[in-house]
Amino acid sequence: MAILNLLFEHRDVEGIGNIDVWEANGGYEGVRKAAALEPQVIVDEIKTSGLRGRGGAGFPTWIKWNGLPKNYDAPHYVLCNADEGEPGTFKDRELILKIPHLLIEGMILAGFATYSKVGYVYIRGEYVEPAWQLRKAIDQAYAKGYLGKNILGTGRDFDIYIHMGAGSYECGEESALMSSLMGERGNPRLKFPHAPLPTVAGVWQAPTLINNVETYCAAAWIIKHSGEEYAKYGTEKSKGTKIMSVSGHVARTGNYEIEMGTPLMELLNMAGGVKDGVLKAVIPGGSSVQIMRPEQCEKINLDYESCGANGTLLGSGGFMVFNDKTDIVQLMRRTSQFYMHESCGKCTPCREGTRWLFKILDRIASGNGQKGDVELLLDVCSQIDGRSYCGLGDAAAWPIVGAIKAFRSEFDYWIEHKRSPIGNTFVPPVVEAVNPVLALTSV
Amino acid sequence: MSDRSLTQTEVSLNPLSSERVNITIDGISLSVPKGENVIEAALNAGIDIPYFCYHPRLSKGDAANCRMCLVEVASTAPDGSVRKMPKPQTACTLPAAEGMIIDTNTEKINKDRKGVLEFLLINHPLDCPVCDRGGECPLQNNTLYYGASASRFTEEKRHYPKAYPLSAQVVLDRERCIQCARCTRFTDDISGDAQLGLLKRGSDVEVGTFAHTSFNSKFSGNVIELCPVGALTSRTYRFKSRPWDLMTQKSICSKCSNGCNIKLDYRMDEVLRVNARLNEDVNEEWTCDRGKFGHDYISSPDRLKSPLMRKDGKFVEVSWHQAYSLLADKLRAAGTNCGAIAGGRTTNESVYLLQKLFREILGSNNLDCRLDSNPLPASDPLFKKSLQTGMGNKIADLEKMKTIMVIGSDLQDEQPILFLRVRKAWRFKGAKVVYVSDHLTTDSTAVSDFASVNLIYQPGSEITVLKDLENALARVLSANTADSEPPAQLNTQPSEATGLSNNDIHLAASLLAKGEITIIAGKSVSQHSQYVELYQSLTNLLASTNSEGNLNIPVHECNSLGTMDMGMLPGSGPGFTKCAGGMGTAEMLQASADGNLQVLWVMGADPVQNFHNNELAVRGIENCPFLVVSELTLTETAKRADLVLPAVSIAEQEGTFTSCEGRVQKLFKAFEPVGSSKPDWLIVAELSAILGAKNLYFTFNDVLQSISKEVPGYEKINPGTIGDQGIFRTVPAAG
């Protein structure tokens, strides 16, 4: 178990973003292969591989692919979620920037497998460079006949469009992404069982497949090689590889593609170990998941099951490392500020709760904490978690509950002594998001 | 625009399944239609689930945001095993499925409700003691039932400047808002102007209009009633009263012919606000802004309080005795040489007695109620046929139609409630709409916004347009292809005569060919000089699609239909029965201008302002030897009268109105008449008695019973049957 570059195999080849270089390195073989296959064979291959969604939830990919109606009677859509907004995660950025053709391949295959003719890539608005890179790659793929009408003489059509987001974390939530793509406000939509699954009625009420960038890339690899080969890697229930975006107090930050089940500490060592101090905590899967203490880190293997068993999540792979000079309370204050700012405001618990959480944490971190604040935080979190319209509320509550569970003493220290247990007393100024835009005439 | 429909599955869009499923709510086994919202199933069964954002008439796609209706849900697998869903679910969007087990009253749910209410209140100003909503506020009620007694929030609340003027009528308080999105959904789903939206995000979300323009809607008042807190308030009612200080009386709106059921909220003899009253068959629970904000005349200080007699060119107040003596003398002297004009806003009872007085006691047949230019004489059989029927469909049945054609009408303005039904048919029931008019309006919402085909023709070419449409329909029907692809040979160039291309006409015709259609015709048709031809064309269209009888030519004033039913027409007695002819409005005014009409009685009408031929009206009114006007205020006509009798408004009398669809509805008396004013029917009844009438009427019920006996079509209508939702008068079969 170590670094295993499947998707990143050709990452460092000179000019790999160019379709000629890509083809010289075995690019589009998967598409050529799939052109001769029945759609169901592609789905079965994904099933064999055991691939699970790489966006965070880990839902078995083949079930989604299998869920769309198997005919061309009505339009179907293939959506790629490239609205990578989870703090700590930057794997999609590198995938699109360095090897955009892998994503295009994956989406073409998904189009074949799900009888879709149109694909949309929803890229977050800040990813201007990757979007340009993808634009170039798509144009090249059109020129070579991998996209457009009658691909490789199969009679199948597939077009890919790029849609740039406008800077909202919430739009990375799949239903909010669909709202945004349709030109509506980026609010989440009703989900099963309140409304049909996206595979039945998604964008424009048409069957829709939506996956993460990494999932499509892995699918492309799987079809090029084989599902069985992919399934050789990883653990029993978590197959293949996962790209971990390592950041924080480590010597060598960056994206590491590792085999599923790699011990957490091994990844930390690969990244050169903790910088400027000793290990204090790790957030293994992006800011929404629970923070882990060093002794917990020893036990965790990076796969869905092991993370779950230890009370955290593999999430989107935003692996953040903190050394002993980190103030956990201030970390949580900043985290909750992020969720307050990014809440769409649709549902009560998330809209009001995230602001309240930030207000309490801000009060504690500016030396005005009161006895009982920690219990209040936990209670507010319990009123948000599972009660909100979409997952953003949960994501705002989990890290705080996790931090209190793991570092309760630091919260108590702040409240009792009105200063940081670390000795660092700098508190960044509060940025209040309130700036009413309506004309302020009173009557 | 026309393709814009719901993007999330709608219960109301897909009619409830006939399949029943068994669900259990709080241990009570229920059999409900498959897919019914759990909250509706529970409320129907008498199980209370609190909510804010849910509303049965608004789409559920944007609901489920207040999280108040969370319930615990478990499902039963076919093998009998029960699986509980890990998270609580919103009952307002959850479709009922076989074996669903729902708990609404567990410890967990009670804690969740407390939590949601705590969240809603942390930024709410809690200014209930000065809030308009206090006392009738869902947030207050739910907090009392389900909320915690104290808040743990010690931070500073969100602050906004108070009283942001969304429009001239609606004022927004963003601090009180709980972001339930009912108002924004109303403008999307019901009124269609789509002006309100949520701005910004997170805890900064606020209701507003794009670019801070004025909330310019014909239905804006409804959002005040929809708001579950006091965030949207009425400019006129703001800070005027507390709900428990108000008395409420049922009434009928007098602003158009649709017959909306309303509630008058009044204190002493002042109407403070008007709210909608539920009537599923008429206005559901909506009002238009004219109805909601237009009843300030009831409590106007300009109301007449006693009879006025002209002496030496000036009005002096006189007693009713003097007024009656003078009027009786004048009428006796005039003999048959007198006439009466009643407006469309007078009650059936007043008009009935007025025509009885003139026909039976005075022997005059000079009666009319029409101020519009009307191309047909009242004696014409087509006039009777088209007006007595008025609307071929009931308002509630409009939403069942597959294709609706609206011709020559700014429907949102002329018939606001019909407009809402047509829009409902389109948005929630999948109807297609064809709009035919000579102009597009600049109103914020209009039929043209959602019509599948807009035929905007050159003014004056109505006849040609309808003939073209008839021919196209015949072609489509004979080809037996109702597809929307026009044949290739049709040219897409607009024709010079009508301004419409064959292509557009074909599209409209193929929609009409698809199924049962209904036609709603507006003023441009009913006042057209070639009304007969237009009427014939429209009937032909209906006949060729097997939709005979679905022609709707609604009248325009709240009791236009009733006044005509009561016989306020020359040559047409009660129930459109034939009787001796007399002079109509125009002839009376002409005769009066020439000095040939001794007494003219104008009741509840203002010919000087409203008669289509203004010059004639002024001449007729000014030259009239003796003009008596019964009115609420000194109108332009009343100012020129010799005797003015103070009448009463809808709030001060009992009476009945017949709406454009023929529904007879009752006005209830809220408070005593202002000053010494009297209901019109009482004035006529007392004068009739002075003039020697044999039948005497002392109460409203006496008159209604007499109408029931003597007016064909009103047989079933009497004080015992009319109820507070009204009943239909019947139209006798042809003849």
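Treat the numbers as computed from the prediction; the structure is a model and nothing was measured. (Residues numbered from 1 in each chain as written. Chains lettered and ligands numbered in written order. Predicted model: local features only at pLDDT ≥ 70, side-chain atom pairs only at ≥ 80, totals over all residues. Heavy atoms only, no water.)

(A) A look at the sheet that holds strand β22 (residues 517–521) of chain B. All names here are of chain B. Read from one edge to the other, the open sheet built from five strands follows the order β21-β20-β19-β22-β23, with strand pairing classed as parallel. A single partner strand is all that each edge strand has here, and the edge strands are β21 (453–456) and β23 (551–552). Strand direction decides the pairing type here: strand β19 (residues 403–407) and β22, joined by five bridges, are parallel. Its bridge partner being in β22, Met405 is matched across the sheet by Ile519. Taken strand by strand, helix α16 (residues 531–544) contacts β19, β22 and β23, and its axis lies near 165° from that of β22. (Pairing = 2+ DSSP bridges. Helix = DSSP H or I, 4+ residues; strand = E, 2+ residues; numbered from the N terminus. Contact = heavy atoms within 4.5 Å. Axes fitted to C-alpha atoms, helices over the stretch in contact; angles between N-to-C directions.)

(B) Representation of the sheet that holds strand β7 (residues 164–165) of chain B. Residue and element names in this part refer to chain B. Pairing within the open sheet is antiparallel, and its three strands lie in the order β7-β8-β11. Edge positions in the sheet fall to β7 and β11 (232–234), since each of these pairs with one other strand and no more. Relative to strand β8 (residues 170–172), β7 is paired through two bridges, and the arrangement is antiparallel. Its bridge partner being in β8, Pro165 is matched across the sheet by Val171.

(C) Highlighting the environment of Phe52(B). All names here are of chain B. Within the fold, Phe52 resides in the loop between α1 (38–44) and β3 (70–76). Classification of Phe52 as buried rests on a relative accessible area of 0%. The sequence separation of Phe52 and Leu687 amounts to 635 residues, and the corresponding C-alpha distance is 55 Å. If we skip the residues at most four places from it in the chain, Phe52 touches Cys66, Met68, Leu117, Leu120, Pro138, Leu139, Asn142, Ile178, Arg182 and Pro228. (Buried < 20%, exposed > 50% of the residue type's maximum accessible area, 1.4 Å probe, protein only.)

(D) Fine view of the packing of helix α13 (residues 462–479) of chain B against helix α14 (residues 502–512) of chain B. Residue and element names in this part refer to chain B. Closest axis-to-axis distance for the α13/α14 pair is 8 Å, and the angle between their directions is 60°. For the element pair α13 / α14, the angle class is oblique. Crossing handedness for the pair α13 and α14: right-handed. On the side of α13, the interface is formed by Val465, Asp468, Leu469, Ala472, Leu473 and Val476, while α14 contributes Ile505, His506, Ala508, Ala509, Ser510 and Leu512. (Parallel < 35°, antiparallel > 145°, perpendicular 65-115°, else oblique. Left-handed = near helix turned anticlockwise from the far one by under 90°.)

(E) Region of interest: the domain arrangement of chain A. Residue and element names in this part refer to chain A. Domains assigned within chain A are domain 1 (19–230), domain 2 (241–323) and domain 3 (333–417). If you average the C-alpha positions of domain 2 and of domain 3, the two centres end up 23 Å apart. Of the roughly 840 Å² buried between domain 2 and domain 3 on both sides combined, carbon and sulfur atoms contribute 60%. Looking only at domain 2, the three residues that lose the most surface to domain 3 are Ser288, Ile291 and Arg293, adding up to 48% of its buried area. There are one salt bridge connecting domain 2 and domain 3. Residue Lys280 pairs with Glu410 through a salt bridge whose shortest N-O separation is 2.4 Å. Where domain 2 packs against domain 3, one counts four residue pairs in polar contact (both at pLDDT 80 or more). Residue composition of the side of domain 2 that touches domain 3, by class: four nonpolar, three polar and two charged. (Domains from an automatic or database assignment. Buried area = accessible area lost by both parts, 1.4 Å probe. Salt bridge = Lys/Arg side-chain N within 4 Å of Asp/Glu carboxyl O. Polar contact = N/O pair within 3.5 Å; in protein donor to acceptor, adjacent residues only side chain to side chain. Nonpolar A, V, L, I, M, F, W, Y, C, P; charged D, E, K, R; others polar.)

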